[in-house]
Amino acid sequence: MAKERIFVVKEVIESWYLAGISEEQKEKFKIENFTDTQCLNKHYFDALSNAPDFRIEILKGYSLEKAVFCNASLCYFNDKFLKKYAIINNT
């Protein structure tokens, strides 16, 4: 595999979900506001809800634009992979 296609970001990405969660979903699941989700881990995330579709539900209204400001590893992945390979809009 070409080394320019390898991206070491973070083993646990649950904090990425919370970084871009909508206000509506925060209210629905009673999730506090975060300015930095980098330190949130899988245990914290799993404790928020035991609903089977929790991850899918919190992605409704998800904002990648907001998320990259709340999570450094997601910002890195966005800049180095998503934008580079035109997976998302380069704005």
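Throughout what follows, the structure given in this document is the object of discussion. In this numbering scheme, every chain counts its residues from 1 along its sequence in written order. Since the coordinates come from a predicted model, pLDDT governs what is reported: local features require at least 70, and pairs of side-chain atoms require 80 or more to be given and counted, while whole-chain, interface and lining totals use all residues. Heavy atoms throughout the structure, all of them, feed into the side-chain values; hydrogens and water do not.

Some thoughts on the pattern of salt bridges
- For this analysis, a salt bridge means a side-chain nitrogen from Lys or Arg found within 4 Å of a carboxyl oxygen belonging to Asp or Glu. All told, the structure shown has seven salt bridges when counted by the stated rule.
- Glu23 is paired through a salt bridge with Lys66; the nearest N and O atoms lie 4.0 Å apart. With Glu23 in helix H2 (residues 23–29) and Lys66 in helix H5 (residues 64–70), this pair connects stretches of sequence that are 43 residues apart.
- Exposure classes here rest on a 1.4 Å probe applied to the protein chains alone. A residue is buried below 20% of its type maximum, exposed above 50%, and partly exposed in between. In this structure Glu23 comes out as partly exposed when scored by relative accessible area, which is 45%.
- Residue classification places Lys66 among the partly exposed residues on the basis of a relative accessible area of 28%.
- One salt bridge in this structure joins Lys42 and Asp46, with 3.6 Å as the shortest N-O distance. Counting from the N terminus, the helices are DSSP H or I runs at least four residues long and the strands are E runs at least two residues long.

Distances and angles like these do not, on their own, reveal function.
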